[in-house]
Amino acid sequence: MAIVKLTRKKIESLPLPDLETNPRGIRYYDESLKGFGIIVYPSGRKSFFVEYGKTTRRRRMTLGQYGKLTSETARQLAKQKLADILSGTDPLDERKTKRSEQTLKEWATEYLKNVSQRKKRPEEDKRYLGWAIERWGKKALSEITAGDISKFYHEIVESGHKTAANRFHASISACLQAAWRLGSIESNPTLKVEKLPENPPRDRVMTDNELTKMLIAISELEDQHLRAAFMLLVQTGARRSEVLRARWEDFDFDTKVWRLPSTKAGRMQIIPITPSICEMLHALPRIGPYVLPGRNPEKHRHDLKRPWKRLQQETGLLDLHIHDLRRSFGLAIAREKGLHVASRLLRHTDISITAKVYAPFNVEDLRGAVEEHDAKILPFRKAGNS
């Protein structure tokens, strides 16, 4: 047994063993820290280790390679491991346990199978958990820390994608929370990582004058199927994807309803349609199963980008997004019939979504409500003063 003082200078002066006589290398033990040592291999590689246990059952744990670890760093690490051993923890058994745990990649793959069955659109979870797998896929679940998640979260934020960072946070949090519920981890580290507030939601809606411009521009479109598509967006507040996928069989002109068999909510929903909508649709030539046929009549049109760009140019409303038509519909209904009616027509599961995103009341809207209420109270106040 060679005992030396393991300093940088001494380590670099240690001779290389002969490949034939010492193919597994020569071990050198530190003179001041019992159990701490280094192995020098014939290849020139040098690796720190710590030995512990009884003479009949000695165990050796590799700490790391010299060059990646300095002698002092390795010494401190050896002290920590030896202290753990004195407290009753065997680091080699702990390593073995971690190796037997599920990795993040294994668990996330299993979790995503359940998400695909539970959610109508699991693509967002697949995307963001894919980022996590790329980053920590080989790590055991218990090895992923709040520091890991926080560091990556802020990297995404600093790249200018705060919303994506928060979506990532939500996906990895749900994934690890499911692992916690099953007892695979003791806690969810994501809960310790605070999300940054996102930018306020878009609240662009059309004024009455802008709506008039838009209706005129739509009426001047040459393609009558496109005219009908944009009028459905304006008159019903439907989503673009719902209009693109609308089938003739979804419309019941007797009861004046439009049945949406597959929606964002994952269940059938119903939109009431007016006599003018029924008349407009009746006038359309039926080319295939879709109201808005594509080049192949058996398939629906893929998007509305080109005609929408033309409408923007015709109206001068270059800042208007196509989804703003739905928001404008929601605001108009909310003003006339209240938030509950608007929420039902927009088919939101939570009225707070309607209030926050689709019904941005301004001061004048609120002023009118206060003045109407005041008008009811004023006669009684005057009577009390007389």
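Coordinates for the structure precede this section.
This section reports on the structure supplied with the text. No experiment lies behind these values; they were computed from the predicted model shown. (Residues numbered from 1 in each chain as written. Predicted model: local features only at pLDDT ≥ 70, side-chain atom pairs only at ≥ 80, totals over all residues. Heavy atoms only, no water.)

Some words on the overall build of the chain
So the rule is basically this: Helix and strand assignments follow DSSP, with helices taken as H or I runs no shorter than four residues and strands as E runs no shorter than two, numbered in order from the N terminus. A 1.4 Å probe rolled over the protein chains alone gives each residue an accessible area, and that area as a share of the maximum for its type sets the label: buried under 20%, exposed over 50%, partly exposed in between. Two residues form a contact once any of their heavy atoms are found within 4.5 Å.
A count of helical and extended segments in the chain gives 16 helices and eight strands. In the chain, which comprises 386 residues, the proportion classed as buried is 39%. Intrachain contacts of the chain at a sequence separation of at least 6 include 55% that bridge at least 24 residues.

Considering the nonpolar core
Note on soluble globular proteins: their nonpolar side chains tend to be buried together. Stated formally: Remark: nonpolar core denotes a set of buried residues (Ala, Val, Leu, Ile, Met, Phe, Trp, Tyr, Cys) joined through side-chain atoms within 4.5 Å.
Of all hydrophobic cores here, the largest spans 38 residues; its most connected members are Phe-230, Trp-258 and Leu-281. Put simply, the parts of the chain that give this core at least two residues each are helix H8 (208-219), helix H9 (224-236), helix H10 (240-244), strand S7 (257-260), helix H11 (275-282) and helix H12 (305-315). Top element by residues in this core is H9. It accounts for eight residues. In terms of nonpolar packing, the next biggest core, distinct from the first, is built from 28 residues, Val-115, Ile-144, Ile-149 and Ile-185 among them.

Quick notes on the pattern of salt bridges
As a reminder, the rule being used: The salt bridge definition used is simple: a Lys or Arg side-chain nitrogen within 4 Å of an Asp or Glu carboxyl oxygen.
According to the stated counting rule, one finds 13 salt bridges in the structure shown. Across the salt bridge formed by Arg-27 and Glu-51, the nearest N and O atoms sit 3.7 Å from each other. Placement of the pair is Arg-27 in strand S2 (residues 26-30) and Glu-51 in strand S4 (residues 46-52), with a sequence separation of 24 residues. Accessibility expressed as a relative area gives 37% for Arg-27, which makes it partly exposed. Of the charged contacts, one joins Asp-30 and Arg-75 as a salt bridge, the two residues approaching to 2.6 Å between their closest N and O atoms.

Points about the pairing of strand S3 (residues 36-40)
Formally: Strands are labelled as partners when DSSP assigns at least two bridges between them.
For S3, the tally of buried residues reaches five of five residues, placing the bulk of the element in the interior. By the alternation rule, side chains of S3 split into Phe-36, Ile-38 and Val-40 and Gly-37 and Ile-39, which are all buried. Strand direction decides the pairing type here: S2 and S3, joined by four bridges, are antiparallel. Considered in S3, the bridge of Ile-26 is made with Val-40. Of the pairings in the sheet, the one linking S3 to S4 comprises five bridges and is antiparallel in character. Note on S4: the bridge partner recorded for Phe-36 is Val-50. Between S3 and S4, which follow one another and run antiparallel, lie five residues, and Gly-44 among them has a positive phi close to 105 degrees.

Function cannot be read off these values alone, since they describe shape.
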